[in-house]
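Coordinates in review
One-letter residues, chain by chain:
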Amino acid sequence: MNIKMDLSEILLYLDLMKKEKKRPELHELEIMIYFLKNYEEVKIFQNKINEHKINLQFVFYNRTLIHFIEEYENFVELKNMILHLTKGKRKYPMLFKHQILLSKTKEQANKVIKEARNYGVELGKEWNNRYDSMWNVKEKQIERKAEIEKEQSKSFLQMYENFCEMKLKYFNSLSLNLLKKKLLEQPLKVSDTKSNQVLGYYRSVYVREFARKVSNGICQLCDKAAPFTDKRGNPFLEVHHVKYLSQEGTDTIDNVVALCPNCHRKIHQLELEEDLKKIEEKASANINM
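Residues numbered from 1 in each chain as written. Predicted model: local features only at pLDDT ≥ 70, side-chain atom pairs only at ≥ 80, totals over all residues. Heavy atoms only, no water.

**Digging into the pattern of salt bridges**
Applying the stated rule across the entire model yields 25 salt bridges. Residues K138 and E70 are paired through a salt bridge, measuring 2.8 Å at the closest nitrogen-oxygen approach. With K138 in helix 8 (residues 134-151) and E70 in the loop between helix 4 (58-63) and helix 5 (72-86), this pair connects stretches of sequence that are 68 residues apart. Exposure remark for E70: the relative accessible area of 17% places this residue in the buried category. (Salt bridge = Lys/Arg side-chain N within 4 Å of Asp/Glu carboxyl O. Helix = DSSP H or I, 4+ residues; strand = E, 2+ residues; numbered from the N terminus. Buried < 20%, exposed > 50% of the residue type's maximum accessible area, 1.4 Å probe, protein only.)

**Regarding the side chain of N286**
Here N286 shows up in the segment after helix 13 (273-285). If we skip the residues at most four places from it in the chain, N286 touches K180, F210, V214, I253 and V256. (Contact = heavy atoms within 4.5 Å.)

**Quick notes on the pairing of strand 4 (residues 256-259)**
Judged by which residues are buried, strand 4 turns out to be covered on both faces: V256 and A258 on one side and V257 and L259 on the other are all buried. When strand 3 (residues 238-241) meets strand 4, the two strands line up antiparallel, connected through four bridges. Pairing of V239 across the sheet is with A258, part of strand 4. (Pairing = 2+ DSSP bridges.)

**A few points about unusual backbone geometry**
Backbone geometry places E248, a non-glycine residue, at a positive phi of 70°. With respect to the helices, strands and loops of the structure, E248 is situated in the loop between strand 3 and strand 4. In the Ramachandran plot, E271 falls in the positive-phi region, its phi being about 50° despite a non-glycine side chain. Note that E271 resides in the loop between helix 12 (261-270) and helix 13. With a relative accessible area of 42%, E271 lands in the partly exposed category.

**A closer look at the packing of helix 6 (residues 93-102) against helix 8**
Look at helix 6 against helix 8: their axes get within 8 Å of each other, and the N-to-C directions meet at 135°. The angle between helix 6 and helix 8 falls in the class oblique. On helix 8, the residues that touch H98, L101 and L102 of helix 6 are M134, N136 and V137. Considered class by class, the residues forming the contact of helix 6 with helix 8 number four nonpolar, two polar and no charged. (Axes fitted to C-alpha atoms, helices over the stretch in contact; angles between N-to-C directions. Parallel < 35°, antiparallel > 145°, perpendicular 65-115°, else oblique. Nonpolar A, V, L, I, M, F, W, Y, C, P; charged D, E, K, R; others polar.)

**Focus on the state of the cysteines**
Under the definition given, this model contains zero disulfides. No disulfide involves C219; its nearest neighbouring cysteine sulfur is the one of C222, lying 3.6 Å away. The exposure class assigned to C219 is buried, which follows from its relative accessible area of 1%. What makes C222 partly exposed here is its relative accessible area of 29%. (Disulfide = S-S within 2.5 Å.)

**Comments concerning the environment of T250**
Following the sequence through the fold, T250 ends up in the loop between strand 3 and strand 4. On the accessibility criterion, T250 (37% relative accessible area) is partly exposed. T250 has contacts with H241, L245 and N255, leaving out every residue within four places of it along the chain.

**Overview of the packing of helix 1 (residues 7-19) against helix 9 (residues 155-172)**
The contact between helix 1 and helix 9 brings their axes to 10 Å, and the two run at 75°. Judged by the inter-axis angle, helix 1 sits roughly perpendicular to helix 9. Along the contact surface, helix 1 presents E9, L12, Y13, L16, M17 and K19, while helix 9 presents M159, N162, F163, M166, K167, Y170 and F171. A per-class count over the contact of helix 1 with helix 9 returns nine nonpolar, one polar and three charged.

**Quick look at the packing of aromatic side chains**
The description of two aromatic rings rests on the distance between their centres and on the angle between their planes. Tallying each qualifying case throughout the model produces ten aromatic pairs. Pairing Y34 with F35 gives two aromatic rings, centres 5.3 Å apart and planes at 85°, and the pair type is edge-to-face. Accessibility classification places Y34 together with F35 in one group, the buried group. An aromatic cluster is built from Y13, Y160 and F163, whose rings are joined through pairwise contacts. Lying across the ring of W127, R130 places its NZ or CZ 4.2 Å from the centre. (Phe/Tyr/Trp six-rings, centres within 6.5 Å; stacked < 30°, edge-to-face > 60°. Lys NZ or Arg CZ within 6 Å of the ring centre and 35° of its normal.)

Keep in mind these values describe shape, not function.
In structure tokens, the structure reads:
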């Protein structure tokens, strides 16, 4: 599949839908989950859903979201909310099974099994020993993403096209100064709360659009017009991080330039000193834009 959306694009899509008073549909939410790369991103996605007060369908909770919750306390809070809202009228065996997988001890797992009985859910004896099974949780996530890809195969492109249209309209409405202001309002990066490892970036879509807007359709290395326009009529330029993110470069406006595809390949292949110096100066100038 050639379609990709990063966390910053998913958050922007939710913001733009709220702005246009639209509610994300079930298939759109499932596709968003499909593109999230780790649990930290899932938590940020959850927070955005809560911030916008989006009433999710129970089928989304039970069939998809619960599989991507990796913290016991967070999951218990979600499970209790579901049980409260449904008033125990529906049986959700998967809720209790997932809680057992996240349990740290056999005693904790047994308590979950007893609680499940109170809701008419009988779990087999084998669930006594399924606690502390994060590997199983990860396995379920892979399985669910494969199912989403199969079930929503016709919806991926449609959703992405909808997002691109909304994104184009939004960024075209912003001046360079306002775009910079909006960009700086976003948090910088997503980090693992335990290891502090960088897992993703909030600003990516804003940074990319800023670089393209500053370039005004001109490659910032060869100084020639973009070789073609995309199907929406925009000059096709690729955004390049001067210091690579993999080498601890920042996802900030003073570390990006917009390049034509040919110059982009050239930079990565040759890394000529004069080229690197030129794009570094161009990127640094973005601060004063």
